[in-house]
Amino acid sequence: QVLRTIAVGRHVLLIAEVPVSEGAELAGRRLDDVHRIGEVRVIALRRRGAEAVDWSPRPDYQLAAQDRLVVLATRAGLGRFLARSHPR
């Protein structure tokens, strides 16, 4: 779900909420391993079952199914990230 768009010169960045599905490539990965320079950056985390959003998640946090990530991404980066958030 795209929450906002930000125009940066001739480019557009997206802020989106991305759920981590069971069996997804992202599940089990450390948070600092999912960033892609120039494509996608996790800026917040809502852990499975939690109501509060953590705006400063630990980089060593291990992602699990049903976590929800707020990311800042390019269009292409978001597309690749979404593919990693669902089972293959």
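Up top is the structure.
Residues numbered from 1 in each chain as written. Predicted model: local features only at pLDDT ≥ 70, side-chain atom pairs only at ≥ 80, totals over all residues. Heavy atoms only, no water.

A. Geometry of the environment of Arg10. Locating Arg10 in the fold gives a position in the loop between strand E1 (2-8) and strand E2 (11-19). In this structure the C-alpha to C-alpha distance between Arg10 and Arg58, which are 48 residues apart in sequence, comes to 33 Å. (Helix = DSSP H or I, 4+ residues; strand = E, 2+ residues; numbered from the N terminus.)

B. Quick look at unusual backbone geometry. Despite not being glycine, Gln66 has its phi angle at roughly 80 degrees, a positive value. Here Gln66 lies in the loop between strand E3 (40-46) and strand E4 (68-73).

C. Seen up close, the pattern of salt bridges. For the structure on display, the rule yields nine salt bridges. Here Asp67 ties to Arg48 by a salt bridge, and the two come within 3.9 Å at their closest N and O atoms. On the criterion of sequence distance, the pair formed by Asp67 in the loop between E3 and E4 and Arg48 in the loop between E3 and E4 is long-range, its members being 19 residues apart. On the basis of relative accessible area, Asp67 is assigned to the buried category, the value being 0%. Take Arg48: its relative accessible area is 45%, and that puts it in the partly exposed class. A single network of salt bridges, built from pairs that share partners, joins Glu17, Arg46 and Arg68. (Salt bridge = Lys/Arg side-chain N within 4 Å of Asp/Glu carboxyl O. Buried < 20%, exposed > 50% of the residue type's maximum accessible area, 1.4 Å probe, protein only.)

D. Representation of the side chain of Glu17 within the structure. Here Glu17 lies in strand E2. Judged by relative accessible area, which is 15%, Glu17 ranks as buried. There is a polar contact of 3.0 Å between the side chain of Glu17 and the side chain of Arg46. Those residues in contact with Glu17 that sit more than four places away from it in its chain are Gln1, Leu3, Arg46, Arg68, Leu69 and Val70. (Polar contact = N/O pair within 3.5 Å; in protein donor to acceptor, adjacent residues only side chain to side chain. Contact = heavy atoms within 4.5 Å.)

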